[in-house]
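# Inside the fold
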Amino acid sequence: CALPIFFADKLGHSFATELAAQKTSYGLMQIMGGLARSDLGYTDNLNKLFDPKINITLGVKYLAKLKQKYHEETDIISAYNQGTPRKLSNGLYTNQDYVNKVLKLKDELDIWF
């Protein structure tokens, strides 16, 4: 978690509230509060992550960071869901069902990364 005591003091809520908020996912892109703080530089109240414009902006920013780090489309998808593209000994991702669902939806919507 990204300095919960700092953000609690800054935003005027309790340490416990900030800590819980950082462990929660928000909005359409399911942005984790801690990720918003630590990786994406978000400093406002985490409840504002329910705002579609803020949420999608941060989600796309995170996808762009993952795309720079991982060049394989399936690695990016896996990492978006679980932080890193972890694989099992058989070569499948530990979150292969999630990766498959995203790939299927991507094909149905005819979108690209």
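Keep in mind that this is a model prediction, so the values were computed, not measured.

Rules behind the numbers
- Residues numbered from 1 in each chain as written.
- Predicted model: local features only at pLDDT ≥ 70, side-chain atom pairs only at ≥ 80, totals over all residues.
- Heavy atoms only, no water.
- Helix = DSSP H or I, 4+ residues; strand = E, 2+ residues; numbered from the N terminus.
- Buried < 20%, exposed > 50% of the residue type's maximum accessible area, 1.4 Å probe, protein only.
- Polar contact = N/O pair within 3.5 Å; in protein donor to acceptor, adjacent residues only side chain to side chain.
- Contact = heavy atoms within 4.5 Å.
- Phe/Tyr/Trp six-rings, centres within 6.5 Å; stacked < 30°, edge-to-face > 60°.
- Arc of directions from axis to C-beta.
- Axes fitted to C-alpha atoms, helices over the stretch in contact; angles between N-to-C directions.
- Left-handed = near helix turned anticlockwise from the far one by under 90°.
- Nonpolar A, V, L, I, M, F, W, Y, C, P; charged D, E, K, R; others polar.

Within the fold, asparagine 55 resides in helix α4 (residues 52-69). For asparagine 55, a relative accessible area of 1% gives the class buried. Within the local environment of asparagine 55, its side chain forms a polar contact with the backbone oxygen of tyrosine 26, the two atoms lying 2.7 Å apart. From its side chain, asparagine 55 meets the backbone oxygen of leucine 49 in a polar contact 2.9 Å long. With near-sequence residues (within four places) excluded, asparagine 55 lies in contact with Tyr26, Gly27, Leu28, Met29, Gln30, Ile31 and Leu49.

Let's shift gears to the packing of aromatic side chains. Under the counting rule described, the total for this entry stands at three aromatic pairs. Seen in terms of ring centroids, tyrosine 26 and phenylalanine 50 are 5.2 Å apart; in terms of plane orientation they differ by 70 degrees. Their pairing is edge-to-face. A residue pair is termed long-range when its members are at least 10 positions apart, and tyrosine 26 in strand β1 (residues 25-26) and phenylalanine 50 in the loop between α3 (33-38) and α4 qualify at 24 residues. With centroids separated by 5.4 Å and ring planes inclined at 45 degrees, the aromatic side chains of tyrosine 62 and tyrosine 80 adopt a geometry described as tilted. Separated by 18 residues along the polypeptide, tyrosine 62 in helix α4 and tyrosine 80 in helix α5 (residues 73-82) bring together distant segments of the chain.

This part covers helix α1 (residues 4-11). The set of residues buried in α1 consists of Pro4, Phe7 and Ala8. Projected down its long axis, α1 shows its buried positions confined to an angular sector of 105 degrees, all on one face. Two residues or fewer after α1 comes glycine 12, characterised by a positive phi angle close to 75 degrees.

The next point concerns the packing of α1 against helix α2 (residues 15-22). For the pair α1 and α2, interaxial distance at closest approach is 8 Å and the crossing angle is 115 degrees. Judged by the sense of rotation from one axis to the other, the crossing of α1 with α2 is right-handed. Facing α1, whose interface residues are Pro4, Ile5, Phe7, Ala8 and Leu11, α2 presents Phe15, Glu18, Leu19 and Gln22. Per-class residue counts for the contact of α1 with α2 are seven nonpolar, one polar and one charged.

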